[in-house]
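Each chain, written out:
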Amino acid sequence: MTTLRLPDRAPHPAPPAGGEIMQVRNLTKSFGGRTVLDGVDFTLSRGSVVAFLGANGSGKSTTLKCVMGLETPESGSITLEGTDLSTLRGTELVRARSGVAMVFQKIHLVPRRTALENVCAGALGRLRGPASVSPMFFSRELKEEAMAALARVGMADRAHEKAGRLSGGQAQRVAVARALCQRASVLLADEPVSALDPRAAEEVMALLAELAHAENLAVAAVLHQPDLALRHADTVIGLVDGRIEYSGDISGLDASMQARLYTPNRAAA
Amino acid sequence: MSTPVPTLSVPPVPRAGWRIASILAAIAVFIVLHVFALRGTDFEVSALVTGAEGMASFLADAFPPDLDWESVLAPALKATTVTLWIGLLGTTLSIPTALLLAVFASRTTTPHRVVYQLSRAILSFFRAVPDIVFALIFVTAVGLGPFAGVLALICHNTGVMGKLWAESMEETDAGPQQALATAGASRLQQVTHAALPMALGQFVGLLLYRFDVNVRSSLVLGLVGAGGIGLLINQSIKSFRFDAMATQIVVVLVLIILVDQLSSFIRRRLEV
């Protein structure tokens, strides 16, 4: 029987003793009669990285999209800092959701805008009025905050570079800086490294883990690489056919658990 | 002896007969439509042959072109400049209206379904009415001259450019807009910080194309009294001064080439 060697743990400091910030309970969702989420429960805590693992179609991305409001769950509750988001409407909901930032697989920067302008755009949720419609009117304070965010992700020297000229890894770092400029306390990353080469993927995951621990952020990342989860995450949620198969410490993500998460066509098996 | 190359019988194409019948039917419809079109437009090659004499007489009158500076060339250059200004103003002054209607008429940026339908209807109206009809209306309203031509182009160009811009916004990647929406950006902020910058390259390209078209359109508008070189060409034809008309057409040709080259140069510089 072949065994998988666990990759070495990245040298992250121990996560701070952070409190729970988001509770997701009994999330269900179906598309065209096919259940894609079936009673998903999990909790995100400050200063901690949760990796969502599972085969394609297991419900990882849909979970994050439901939390972000990009998909509407059929049932379940999402509580952010003690507030049930389903009880909020309009601007209250937008304001509450601005505490949750998202990093996308396709990065979604505006290529014609500079890295600095893209990062400033993360603050749009708290800017209002005519001065917020163009980067020309961004305040010096906002630009300085954005520069600090860029420096935090190691991209300060590329501040005035057009986003379209950055490499995939650099652009994803800028997207993380945009999330920091949003001042969010929860960072959801939907396959943040799927489009990156192994080295850039390692760097971006290390950055997310470092930010979670140092800035006390709650980070949830959908990953397709168990070794990255083992190196950088604190806990793992493994999904199979929309149900949680495993939830716990990374030490439980051994070879047999990985095999269970990635068994093809489990429903038919 | 070489190893035989493996082969596999090709499965029959599903519904192949139906596909061939569809293609033949489409060709038949195409031919029938053209027969009706040829009859409806009195299209006769023989008329070209019989009219060759008239054409030769016209060319004999037109060449050599009259290059008299005082009476032909200077007025032609002056009127061509007016034509250029009509095309320029007709394009640039339609930007605000075209942009507003494009944002409202694009599925990715419209604030409401009703606004979307209404904006589409307005754009369709401005696009459906030809610029020459607008010119006739404005000549009646504000009198003969280039101002009527500018107004006519503003109206028609709003319709065309608004639709082209709306479609280009719908075709661009909506991801950045979605990313800003998740960050709490308002609808207006999503438009100004994502949708518009994402489509900016195409916007500039289409704007330059429309400028090119509008300069040529403003020539025709002159024929109905909306000023510019078109008006002079019309006067030359009516007074049988075909040699003067030939000079005016050469001046127009130079203008069109210059505008085309300028447009290409700007597009290359902006990488659009």
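In this numbering scheme, every chain counts its residues from 1 along its sequence in written order. For this description, chains carry letters from A and ligands carry numbers from 1, given in the order in which they are written. Confidence filtering applies because this is a predicted model: local features only for residues at pLDDT of at least 70, side-chain atom pairs given and counted only at 80 or more, and all residues used for totals across whole chains, interfaces and linings. Here the side-chain values reflect all heavy atoms present in the structure, with hydrogen atoms and water set aside.

Caption draft 1: Molecular detail of the pattern of salt bridges. All names here are of chain A. Any carboxyl oxygen of Asp or Glu within 4 Å of a side-chain nitrogen of Lys or Arg constitutes a salt bridge here. Within the structure shown, the criterion is met by 19 salt bridges over all chains. As a salt-bridge pair, R46 and E81 come within 3.0 Å of each other at their nearest N and O atoms. Here the residue R46 occupies a position in the loop between β2 (34–45) and β3 (48–53), and E81 occupies one in the loop between β4 (75–80) and β5 (83–84), the gap between them amounting to 35 residues. Buried, partly exposed and exposed residues are distinguished by accessible area as a fraction of the type maximum, computed with a 1.4 Å probe on protein chains only: under 20%, between the cut-offs, and over 50%, respectively. The class of R46 is partly exposed, set by a relative accessible area of 26%. Between R231 and E202 there is a salt bridge whose closest N-O contact spans 2.8 Å. Taken together, the positions of R231 in helix α7 (residues 226–232) and E202 in helix α6 (residues 198–215) put the pair 29 residues apart, joining distant regions of the chain. Residues participating in the shared-partner salt-bridge network are R126, E145 and R183. Numbering of helices and strands starts at the N terminus; helices are DSSP runs of H or I of at least 4 residues and strands are runs of E of at least 2.

Caption draft 2: Fine view of the environment of L70 of chain A. When you line up the elements, L70 of chain A lands in the loop between α1 (60–68) and β4. By relative accessible area, which is 29% here, L70 of chain A ends up partly exposed. With 42 residues separating them along the chain, L70 of chain A and T28 of chain A place their C-alpha atoms 14 Å apart. What L70 of chain A contacts, discounting residues up to four positions off in sequence, is K65, M102 and F104 of chain A together with Q178 and T182 of chain B. Contact definition: two residues touch when any of their heavy atoms are within 4.5 Å.

Caption draft 3: Representation of the domain arrangement of chain B within the structure. When the domains of chain B are assigned, the result is domain 1 (17–50) and domain 2 (66–270). Domain segmentation is taken from an automatic or database assignment of domains. Computed over C-alpha atoms, the centres of domain 1 of chain B and domain 2 of chain B are 34 Å apart.

Caption draft 4: Examining the domain arrangement of chain A more closely. Residues and elements named next belong to chain A. The domain architecture assigned to chain A consists of domain 1 (20–99 + 185–264) and domain 2 (108–183). Taken over C-alpha atoms, the centre of domain 1 sits 25 Å from the centre of domain 2. Every contact between the two is made by 16 residues of domain 1 and, on the other side, eleven residues of domain 2. Defined here as a combined quantity, buried area equals the accessible surface (1.4 Å probe) lost by two parts on assembly, summed across both. Summing both sides of the interface, domain 1 and domain 2 together bury roughly 1,100 Å²; the carbon and sulfur share of this comes to 62%.

Caption draft 5: Representation of the pairing of strand β10 (residues 243–249) of chain A within the structure. Residue and element names in this part refer to chain A. Being paired, for any two strands, means DSSP has found at least two bridges between them. Relative to β10, strand β9 (residues 235–240) runs antiparallel, the two sharing six bridges. Bridging across to β10, V236 finds its partner in G248. Two successive antiparallel strands, β9 and β10, enclose a turn made up of two residues, where D241 displays a positive phi of approximately 50°.

Caption draft 6: Structural detail: the sheet that holds strand β1 (residues 20–31) of chain A. All names here are of chain A. The four strands are arranged β2-β1-β4-β5 in an open sheet whose pairing can be described as antiparallel. The outermost strands of the open sheet, each flanked by one partner alone, are β2 and β5. With nine bridges connecting them, β1 and β2 associate as antiparallel partners. Across the sheet, Q23 pairs through a bridge with T43, a residue of β2.

Caption draft 7: View of the packing of helix α4 (residues 140–152) of chain A against helix α5 (residues 168–181) of chain A. Residue and element names in this part refer to chain A. Orientation is described by axes fitted as lines to C-alpha atoms, over the contacting stretch for helices, and by angles from 0 to 180 degrees between their N-to-C directions. Where α4 contacts α5, the two axes come as close as 8 Å, and the packing angle between them is 135°. Accordingly, the angle class assigned to the pair α4 and α5 is oblique. When you trace α4 past α5, the crossing you get is right-handed. Listed contacts from α5 to L142, E145, A146, A149, L150 and R152 of α4 are V174, A177, L180 and C181. Under this grouping Gly is polar, as are all residues other than the nonpolar Ala, Val, Leu, Ile, Met, Phe, Trp, Tyr, Cys and Pro and the charged Asp, Glu, Lys and Arg. In terms of residue class, the contact of α4 with α5 is built from eight nonpolar, no polar and two charged. For classification, angles of less than 35 degrees are called roughly parallel, those exceeding 145 degrees roughly antiparallel, those between 65 and 115 degrees roughly perpendicular, and all remaining angles oblique. A clockwise turn of the near helix away from the far one marks a right-handed crossing, whereas an anticlockwise turn of less than a right angle marks a left-handed crossing.

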